[in-house]
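Topology and contacts: notes
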Amino acid sequence: MNPAQRHAELVREIDAHNYRYYVLDDTVVTDADFDKLLRELTALEEAHPDLRTPDSPTQRVGGEARSQVAQVKHGTRMMSLDNAYAPDELAEFHRRVVEGLPDAETPRFCVEPKLDGASVEVVYDGGRVVQASTRGDGTIGEEITENVRTIRSVPLRIPHTGRITLRGEIIIYRRDHDALNTEREAQGLEPFANPRNAAAGAVRMLDPREVARRPLRAVFYHLVEGPRLHATQHESLEWLEAQGLPTHLRQTVIAWDEVAAAIDVIDRARATYPFETDGAVIKVDAYRQQDMLGMTSKFPKWAIAYKFKAEQARTRLLAITVQVGRTGTLTPVASVDPVELAGTTVSRATLHNAGMIEALDIRVGDMVFIQKAGEVIPQVTGVDVTARTGTEEKFRMPALCPSCGTPVARELRDADKPELGLGAATRCPNRACPEQVKQRIFYFSRRFAMDVDHLGTALVDQLVEQGIVKDMADLYSLTAERIAVLARMGEKSAQNVFASIERSKASTLDRLLCGLGIPQIGQVAARQLAEEMHTLDRMLSMSADEAREHVGAIHGFGPKMVDSVVAFLADPDQRELMRKLVKLGVGRPQPRDEVATDGPLKGMTFCVTGVLSRKREEVHADIRAAGGEVHDSVKKTTTVLVAGDKTGKSKLDQAKKYGTKVVTEPQLYDMMGAPAAS
Ligand code: AMP
Ligand code: ZN
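Residues numbered from 1 in each chain as written. Chains lettered and ligands numbered in written order. Predicted model: local features only at pLDDT ≥ 70, side-chain atom pairs only at ≥ 80, totals over all residues. Heavy atoms only, no water.

1. Some points on the sheet that holds strand β22 (residues 629–631)
Note the cut-off: By the convention used here, strands pair only if DSSP detects at least 2 bridges between them. Secondary structure elements follow DSSP: runs of H or I of four or more residues count as helices, runs of E of two or more count as strands, with numbering from the N terminus. Each axis is a line fitted through C-alpha atoms, and for a helix only the stretch in contact is used; angles between axes span 0 to 180 degrees, taken between their N-to-C directions. In what follows, residue pairs with any heavy atoms lying within 4.5 Å of each other are defined as contacts.
Spatially, four strands are ordered β22-β21-β23-β24 in an open sheet, and the strand pairing comes out parallel. Unpaired on one side and paired on the other, β22 and β24 (661–663) mark the two borders of the sheet. With direction set aside, neighbouring strand axes in the sheet form an average angle of 30°. Here strand β21 (residues 605–609) runs beside strand β23 (residues 640–643); their pairing, made up of four bridges, is parallel. Looking at the pairing, V608 lines up with V642 of β23. Relative to β24, helix α24 (residues 665–672) is tilted by about 105°, and along the sheet it contacts β21, β23 and β24.

2. Section: the coordination of the zinc ion (ligand 2)
For a metal bound by four donors in a tetrahedral arrangement, the ideal donor-metal-donor angle is 109.5 degrees, while six donors in an octahedral arrangement ideally sit at 90 or 180 degrees. Stated formally: Keep in mind that water is not among the atoms, so a site may look incomplete; donors are the N, O and S atoms within 2.8 Å of the metal, or 3.2 Å for Na, K and Ca. Just to be clear on the cut-offs, tetrahedral is four donors with all angles between 85 and 135 degrees, square planar is four donors and octahedral six with opposite donors over 155 degrees apart and all others between 65 and 115, and anything else goes down as irregular. Only protein chains enter the accessibility calculation, which uses a 1.4 Å probe; a residue is then buried when its area is under 20% of its type maximum, exposed when over 50%, and partly exposed in between.
Those donors, C401 (SG), C404 (SG), C428 (SG) and C433 (SG), are the protein atoms that reach the zinc ion (ligand 2), and they lie 2.3 Å from it. The coordination sphere of the zinc ion (ligand 2) comprises four donor atoms, whose angles at the metal cover 103 to 116°; the geometry is tetrahedral. The motif formed by the donor residues of the zinc ion (ligand 2), counted along the single chain, is C-x2-C-x23-C-x4-C. Comparing C428 with C433, the two get one shared label, buried.

3. Some points on α24
At 3.6 residues per turn, the α-helix brings residues three or four places apart onto the same side. What counts here: It is the directions from the helix axis to the C-beta atoms that the arc portrays.
Taken together, the buried positions of α24 are E665, L668, Y669 and M672. Down the axis, α24 shows its buried residues gathered within 95° of arc, on one side only. In this structure, α24 carries P666 and D670 as exposed residues pointing more than 90 degrees from its buried face. One or two positions beyond α24, positive phi appears at G673, with a value near 75°.

4. Remarks on the pairing of strand β8 (residues 217–225)
Burial of β8 is extensive: seven of the nine residues sit out of reach of the surface. Summarising the sheet, strand β7 (residues 164–171) and β8 pair through seven bridges and their orientation is antiparallel. For G168, the partnering residue across the bridge sits in β8 and is F220.

5. What to know about helix α6 (residues 195–203)
Inspection of α6 places P195, A198, A199, A202 and V203 among the buried residues, and these make up the whole buried set. Along the axis of α6, the buried residues cluster in a sector spanning 120°; they form a single face. Close packing links the buried residues of α6 with β4 (118–125), α4 (145–149), β7, α5 (174–186) and α7 (208–212).

6. Some points on the packing of helix α12 (residues 434–444) against helix α13 (residues 457–465)
Stated formally: Note that the term roughly parallel is reserved for angles under 35 degrees, roughly antiparallel for angles over 145, roughly perpendicular for angles of 65 to 115, and oblique for everything else. Handedness of a helix crossing follows the sense of rotation of the near helix relative to the far helix, less than a right angle counterclockwise being left-handed and clockwise being right-handed. Ten residues, namely Ala, Val, Leu, Ile, Met, Phe, Trp, Tyr, Cys and Pro, are considered nonpolar, four, namely Asp, Glu, Lys and Arg, are considered charged, and the remaining ones, Gly among them, are considered polar.
Two numbers describe how α12 lies on α13: the axes approach to 10 Å, and their chain directions differ by 135°. By the criterion of interaxial angle, the relationship of α12 to α13 is oblique. Remark: the crossing between α12 and α13 carries right-handed chirality. For the pair formed by α12 and α13, the contact residues are P434, V437, K438, I441 and F442 on the first element and T457, V460, D461, V464 and E465 on the second. Of the residues in the contact of α12 with α13, the class split is six nonpolar, one polar and three charged.

7. Re the domain arrangement of the protein chain
Here is the rule: Start and end positions for the domains come from either an automated domain assignment or a database one. A 1.4 Å probe defines the accessible area here, and the buried area is the portion of it lost by two parts on being joined, summed over both.
Per the domain assignment, the segments making up the protein chain are domain 1 (3–61), domain 2 (73–307), domain 3 (312–427), domain 4 (434–504), domain 5 (509–583) and domain 6 (605–672). Contacts between the two partners involve seven residues from domain 3, matched on the other side by six residues from domain 4. Counting each side, the surface lost to burial between domain 3 and domain 4 is near 560 Å², with a carbon and sulfur contribution of 63%. The largest contributions to the domain 3 side of the interface with domain 4 come from V324, R326 and S403, which together make up 82% of the buried area. In terms of residue class, the side of domain 3 that touches domain 4 is made up of two nonpolar, four polar and one charged.

8. Some thoughts on empty space enclosed by the protein
Let me state the cut-off plainly: Space inside and on the surface of the protein is sampled on a 1 Å grid over the protein atoms alone, with a cavity defined as a set of points where a 1.4 Å probe fits but cannot get out and a pocket as an open set with protein on both sides within 12 Å along at least 5 of 7 lines; lining residues have an atom within 4 Å of a point. Grid points are joined across faces, edges and corners, and a volume is the space filled by probe spheres set on the points.
In total, this model carries one cavity of 30 Å³ or more according to the counting rule given. Volume-wise, the largest cavity comes out at about 40 Å³. Along the walls of the largest cavity sit I14, N18, F34, L38, P57, R60 and R152, which together make up its complete lining. Those elements that place two or more of their residues in the lining of the largest cavity are α1 (3–23) and α2 (31–47). Looking at side-chain class alone, the lining of the largest cavity contains four nonpolar, one polar and two charged residues.

9. Section: the nonpolar core
Going by this rule: Note on terminology: a nonpolar core comprises buried Ala, Val, Leu, Ile, Met, Phe, Trp, Tyr and Cys residues joined through side-chain atoms within 4.5 Å.
Formed by 57 residues in total, the largest nonpolar core has its most connected members in L475, L513, L529, F557 and L581. For this core, the leading source of residues is helix α20 (residues 559–570), giving six residues. Here this core spans two domains, since at least three of its residues come from each of domain 4 (434–504) and domain 5 (509–583). Excluding residues within four positions of it along the chain, L529 makes contact with L513, I518, M539, V551, I554, F557 and V565. Counting 32 residues, the second largest nonpolar core, distinct from the first, contains V148, M205, L216 and L245.

The structure is reproduced here in structure tokens:
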């Protein structure tokens with residue numbers, strides 16, 4: 001197959017996977033296999049730069065950062081929607097619609113979920129995304145084309161070649177939001193309060209490469225301009241869907257007396273939607289009727305948003321306790337009089353930070369409102385000041401760490417992350433602080449890190465409080481007997497804990513690095529770092545300059561990440577801990593297969609077969625050292641088959657079938673630019 005054909009095939013395949021995953025929310029390919037396709041495409045484009053078109057999936061990683069914000073004037077105003085909070089307000093809307101239409105017209109309606117994200121306008125021309133913008137003030141928005149191009153559910157190419165303008169919402173699925181927050185937590189960053197904030201913050205970021213790392217999706221709900229292809233809202237959405245555009249809104253076209261039931265269906269089902277829904281949007285379906293109704297200065301007269309009641313409860317704030325996190329950050333947490341909220345009994349709520357307590361003037365003893373909005377833990381959103389008796393007490397952040405008594409330090413938050421809100425973070429500077437140690441151990445043992453089962457809170461508390469465990473390395477000096485001696489620990493459970501700890505020793509370096517909690521380094525970055533460094537021992541043996549050079553070469557590592565890793569490696573306490581871990585044999589070298597070095601064979605995959613002049617393992621090692629990847633059989637994604645003497649016919653047949661190039665051993669070494677070892 002020639003490169004252009006293969007390119008077209010890869011693009012098709014990758015687009016199809018993206019569509020299934022991001023639009024249909026149903027996937028058939030593993031991450032690893034998907035990455036492989038993308039890598040093959042990247043390699044192919046590196047070898048044939050002319051094949052790299054702007055709509056290639058490789059271009060989704062994001063181009064250059066914007067240095068300034070460009071403005072876009074919307075062809076038609078991007079309006080907001082009129083709101084209804086109660087059935088009589090809906091009836092009022094209906095009355096106005098009927099009054100606004102001639103007698104002969106009976107409107108029918110679409111009912112759609114109202115998505116809670118950031119609105120966007122996207123223009124396609126010639127089948128390609130040519131412009132995307134935010135709503136801004138409705139007339140003028142901010143240009144965010146490059147950012148939107150990184151969103152996988154937005155096809156970079158559609159069959160229709162005329163100019164069309166779409167409106168939609170950029171959202172983050174709840175589960176992606178949770179994963180994103182876990183990742184941020186791992187990087188020592190503040191979690192986002194909810195998916196909407198995370199999405200709204202991401203779409204306007206200046207660096208599209210950053211945007212590409214956020215799990216954004218788009219859903220289109222409106223075809224604004226272009227040829228009036230259809231007469232109604234629902235037909236337009238069907239057409240958008242046929243174009244491969246994400247519109248997954250279950251809209252129904254119904255008469256008015258069925259609208260209330262349709263809203264109710266959405267209200268009851270919305271807990272099962274993967275995204276946040278804060279209401280239902282009711283629209284007059286026929287464009288002709290929409291035009292007759294027109295708009296006010298703020299919103300169309302043919303649509304209304306019915307807002308669902310937020311899941312809110314009112315209860316007494318009993319106390320504000322202060323928690324100490326793994327990195328020493330102090331966070332206030334509210335204990336409330338247990339109350340029913342969205343089907344669960346709630347007794348704790350977050351207050352985010354001291355600044356928020358001050359801003360809302362929340363006092364201990366107050367009657368407060370708590371609300372669930374996407375977060376797992378509900379949030380205190382306000383105070384019922386009418387219920388004040390005067391005995392309520394203001395909260396002050398303690399001057400001493402509640403765990404170890406060390407005077408706390410105040411630090412300003414990252415000023416370039418405005419979505420986090422301002423205000424100072426309070427931190428306990430004592431690394432040996434028992435609470436910090438406990439949290440670090442916990443973090444270390446979590447699923448995405450060393451995955452130590454059975455290590456519960458009660459046990460960690462005891463281990464730390466009794467001074468048995470002072471750091472992660474101490475876990476590995478525990479014996480089953482020692483654990484069993486502790487209160488509430490039977491022999492069987494002690495055995496289980498011990499076995500899990502032992503098992504975790506064999507975790508690969510990426511997990512170990514994750515568990516160490518290097519600021520800025522989350523799961524993905526830890527994996528890249530591990531692939532670059534291979535073993536912890538090697539990391540420790542590097543000078544600061546060497547480390548900086550290696551880490552700086554990792555794809556996608558910005559200066560902050562590099563600085564953080566280098567500082568971590570230079571920190572005497574951390575070095576001491578890492579040395580202990582190495583000595584105890586904790587952490588497996590990152591598997592060779594996954595070592596992605598740069599080199600002449602980068603992006604290519606090899607299968608080596610037949611009788612060669614050298615041991616097969618040695619040839620494999622050479623290929624990997626040159627940046628190539630090794631498969632042990634010829635697969636669809638294998639680029640090159642290295643055929644020695646007596647190569648089996650089946651391998652050659654496979655190679656032919658998949659268009660895999662067949663080379664001899666000397667040809668392989670030619671490709672590497674190195675002479676075959678004599
Ligand atoms: P608001 O900003 O509260 O006035 O609501 C208007 C916004 O709701 C629009 O700008 C859209 O971004 C958003 N929206 C979410 N889902 C829909 C939908 N199905 N139809 C129209 N607008 C929607
Ligand atoms: Zn402390």
